[in-house]
Structures are given as structure tokens and as C-alpha cells.
Amino acid sequence: MDDVFSFIGNAFGEFIRFIVAGLTGFFSGLDEAAGSFMQGLSDSLGIPITLISLLVLAFGLWLLWKGVAALLRGAFIVMLIWWLLGVTVLSWLIH
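Predicted model only: the values in this text are computed from it and were never measured. (Residues numbered from 1 in each chain as written. Predicted model: local features only at pLDDT ≥ 70, side-chain atom pairs only at ≥ 80, totals over all residues. Heavy atoms only, no water.)

### Regarding the side chain of Ser-53
Inference 1: The topology assignment puts Ser-53 in helix α2 (residues 51-73).
Inference 2: Within polar-contact distance, the side chain of Ser-53 engages the side chain of Thr-50 at 3.0 Å.
Inference 3: Beyond its immediate stretch of four places on either side in the chain, Ser-53 contacts Pro-48 and Leu-93. (Helix = DSSP H or I, 4+ residues; strand = E, 2+ residues; numbered from the N terminus. Polar contact = N/O pair within 3.5 Å; in protein donor to acceptor, adjacent residues only side chain to side chain. Contact = heavy atoms within 4.5 Å.)

### Observations regarding the nonpolar core
Inference 1: Residues Leu-45, Ile-47, Leu-57, Leu-90 and Leu-93 constitute the largest nonpolar core, which totals five residues.
Inference 2: Not counting the four nearest positions on each side in its chain, Leu-45 is found in contact with Leu-57, Ile-94 and His-95. (Core = buried A, V, L, I, M, F, W, Y, C linked by side-chain atoms within 4.5 Å. Buried < 20%, exposed > 50% of the residue type's maximum accessible area, 1.4 Å probe, protein only.)

### Quick word on helix α3 (residues 76-93)
Inference 1: For α3, built from 18 residues, the straight-helix expectation of 26 Å at 1.5 Å per residue is met to within 8% by its first-to-last C-alpha distance of 26 Å.
Inference 2: For α3, the full list of buried residues reads Met-79, Gly-86, Val-89, Leu-90 and Leu-93. Along α3, the residues classed as buried sweep out an arc of 105° about the axis, all on the same side. Of the residues in α3, the exposed ones pointing more than 90 degrees away from the buried face are Ile-77, Leu-84 and Trp-92.
Inference 3: Structurally, α3 contributes buried residues whose contacts are with α2. (Expected span 1.5 Å × (residues − 1). Arc of directions from axis to C-beta.)

### Things to note about the packing of aromatic side chains
Inference 1: Inspection of every chain in the model, using the stated rule, returns three aromatic pairs.
Inference 2: Grouping aromatic residues by their ring pairs yields a cluster made of Phe-59, Trp-62 and Trp-82. (Phe/Tyr/Trp six-rings, centres within 6.5 Å; stacked < 30°, edge-to-face > 60°.)

### Some points on the packing of α2 against α3
Inference 1: It is the contact of α2 with α3, at a shortest axis distance of 8 Å, that shows an interaxial angle of 165°. One element, α2, and the other, α3, form an angle in the roughly antiparallel class. Considering the relative orientation of α2 and α3, their crossing is left-handed.
Inference 2: Here the residues of the contact of α2 with α3 sort into 19 nonpolar, four polar and two charged. (Axes fitted to C-alpha atoms, helices over the stretch in contact; angles between N-to-C directions. Parallel < 35°, antiparallel > 145°, perpendicular 65-115°, else oblique. Left-handed = near helix turned anticlockwise from the far one by under 90°. Nonpolar A, V, L, I, M, F, W, Y, C, P; charged D, E, K, R; others polar.)

### What about the environment of Thr-50?
Inference 1: Along the polypeptide, Thr-50 turns up in the loop between α1 (2-45) and α2.
Inference 2: For the pair Thr-50 and Phe-5, spaced 45 residues apart in sequence, the C-alpha to C-alpha distance is 53 Å.

### Some words on the confidence of the model for the protein chain
When pLDDT drops low, the exact placement of atoms in the prediction is not to be read closely.
Inference 1: On average, residues of the protein chain carry a pLDDT of 90, and 98% of them reach 70 or more.
Inference 2: Element-level pLDDT for the protein chain is lowest in α1, with a mean of 88, against a maximum mean of 93 in α2. (pLDDT = per-residue confidence, 0-100.)

Here you go:
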């Protein structure tokens, strides 16, 4: 009887180990992919990988997106203002 429960416990432990090893590999690969993406992005733009530079980049891209939304509404003057602001912010960031 002890052998049966020992076998079940061993099988359950191996199953948990398999799940944990798989998730560790997945998240490790995800971390490496995100790191490589950020390194490639920063190299191509010439910006350092810091939180401030990434926030400024996101803000500049958001301003450009607002310009696209204004273009779709037909507000051409507003579009030009958003794009001018977006390009100004991004030009401060990109070397």
C-alpha cells in the first residue's frame, strides 16, 4: 500500500516539476525576447534604455497617433499641430 501512494506522490511531484520547468523556460524566453527587442529599438533610435526615455518615446508616439486620429476626423489643422508636437518631442529624444 505504501508503494502505491509513494508512486502517486512521486508522479505528482514530477508533474509539478515539469509544469514549473516549462513555465520557467517560457518566461525566460519571453524575458530574452523583450530584452532583445528593447536593445534593438534603442540601438536603432540611438536612445538609452531608461524608463524616462521609453516614456518620452511613448508620449511622442501617442502625439503622432493623435494626429492620425485628427486626420481621420478631417481636422487638418489639428492634425498638423499634433504631428508638429509629436515630431518635436521625438526629435528631442532621438540622436
